[in-house]
Amino acid sequence: MDLAQRLTTLESVHDWQSLAEELEKAIASEDDATRKAALFLKLGRVMEERFLNGVKALKHFQEAYKLNPSLLEALERARGVYWELGKAPMVQKLLDIELRSQEGPESVPLLIELGDVQFDAGDFDRAQATYAKALAASGGQSNEARAGLAD
């Protein structure tokens, strides 16, 4: 049975501990950075969703992103954990990193979230500028960006 089949079987029977162990073994034996990053991401999701251990999941999300910087899901997941932990500066940092690879309309949700973080941190001038940037990126169509500016 290959790795994908073993992982699928363990998931189907909800054996999360064995799944985590199998992923750890696969990570240790994997040489390809892209495949290793995908395994780290999967292990991070298991830690976050099944073991409810965001702090441990963070480590895996960070490793996944380090090995494959195009794996933006790892940043998104890490950002969610940092939100839950109340670490607004880290949320802001990860949003800034994600925004480097996003332009135009697809950047609008990230810009709005960044504006929200800045607003919550009391940095109203930067939040206003970020909401304005989101509104411009949406071609003036984003009601959320407009609402952020109104606040």
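Structure first, text after, so check above.
Computed from a prediction, not measured in an experiment: that's the story for all the values here.

Colleague: I would appreciate a short explanation of the overall build of the protein in the present structure.
Modeller: For the protein, the count of helices and strands is nine helices and zero strands. Order of helices (α) and strands (β) in the protein, N terminus to C terminus: α-α-α-α-α-α-α-α-α. Buried positions account for 41% of the 151 residues belonging to the protein. If you take every contact in the protein between residues at least 6 apart in sequence, the share linking residues at least 24 apart comes to 36%. Surface exposure of the protein reaches about 8600 Å², of which carbon and sulfur atoms provide 51%. Computed over 18 positive and 26 negative side-chain charges, the inter-centroid distance for the protein is 4 Å.

Colleague: Please clarify how the nonpolar core should be interpreted in this entry.
Modeller: As a rule of thumb, nonpolar side chains are buried together in soluble globular proteins. Counting residues in hydrophobic clusters, the biggest one holds 41 residues, and the most contacted among them are Leu19 and Leu23. Counting residues per element, this core draws most heavily on helix 3 (residues 33-49), at seven residues. Not counting residues within four places of it along the chain, the set of residues in contact with Leu23 comprises Leu7, Leu39, Lys42, Leu43 and Val46.

Colleague: Looking at this structure, I do not really get the layout of surface pockets. What am I missing?
Modeller: If you roll a probe as big as a water molecule over the atoms, it shows you where there is empty space left. The volume enclosed by the largest pocket comes to roughly 170 Å³. Lining the largest pocket, in full, are Phe61, Gln62, Tyr65, Lys66, Ala74, Leu75, Ala78, Tyr82, Met90, Lys93, Leu94 and Ile97. Those elements that place two or more of their residues in the lining of the largest pocket are helix 4 (54-67), helix 5 (72-85) and helix 6 (88-99).

Colleague: How should I be thinking about the pattern of salt bridges in this particular structure?
Modeller: Opposite charge on two side chains lets them pair, provided their charged atoms get close. This structure, assessed with the given rule, holds eleven salt bridges. Its salt-bridge partner being Lys42, residue Glu11 comes within 3.1 Å of it at the nearest N-O pair. Highlighted residues: Glu11 in helix 1 (residues 3-12) and Lys42 in helix 3, separated in sequence by 31 residues. The partner of Arg79 in a salt bridge is Glu98, with the nearest N and O atoms 2.0 Å apart. With a gap of 19 residues between them, Arg79 in helix 5 and Glu98 in helix 6 connect regions that are remote in the sequence. Per residue, the accessibility class of Arg79 equals that of Glu98, and both read buried. The structure contains a network of salt bridges with shared partners spanning Arg45, Glu48, Glu49, Glu73 and Arg77.

Rules of the game
Residues numbered from 1 in each chain as written. Predicted model: local features only at pLDDT ≥ 70, side-chain atom pairs only at ≥ 80, totals over all residues. Heavy atoms only, no water. Helix = DSSP H or I, 4+ residues; strand = E, 2+ residues; numbered from the N terminus. Buried < 20%, exposed > 50% of the residue type's maximum accessible area, 1.4 Å probe, protein only. Contact = heavy atoms within 4.5 Å. Areas by Shrake-Rupley, 256 points an atom, 1.4 Å probe, with all protein chains shown as cover. Lys, Arg positive; Asp, Glu negative; His and termini not counted. Charge placed at Lys NZ, Arg CZ, Asp CG, Glu CD. Core = buried A, V, L, I, M, F, W, Y, C linked by side-chain atoms within 4.5 Å. 1 Å grid on protein atoms, 1.4 Å probe; cavity = no way out; pocket = protein on both sides within 12 Å on 5 of 7 lines; lining within 4 Å. Points joined across faces, edges and corners; volume = space filled by probe spheres on them. Salt bridge = Lys/Arg side-chain N within 4 Å of Asp/Glu carboxyl O.

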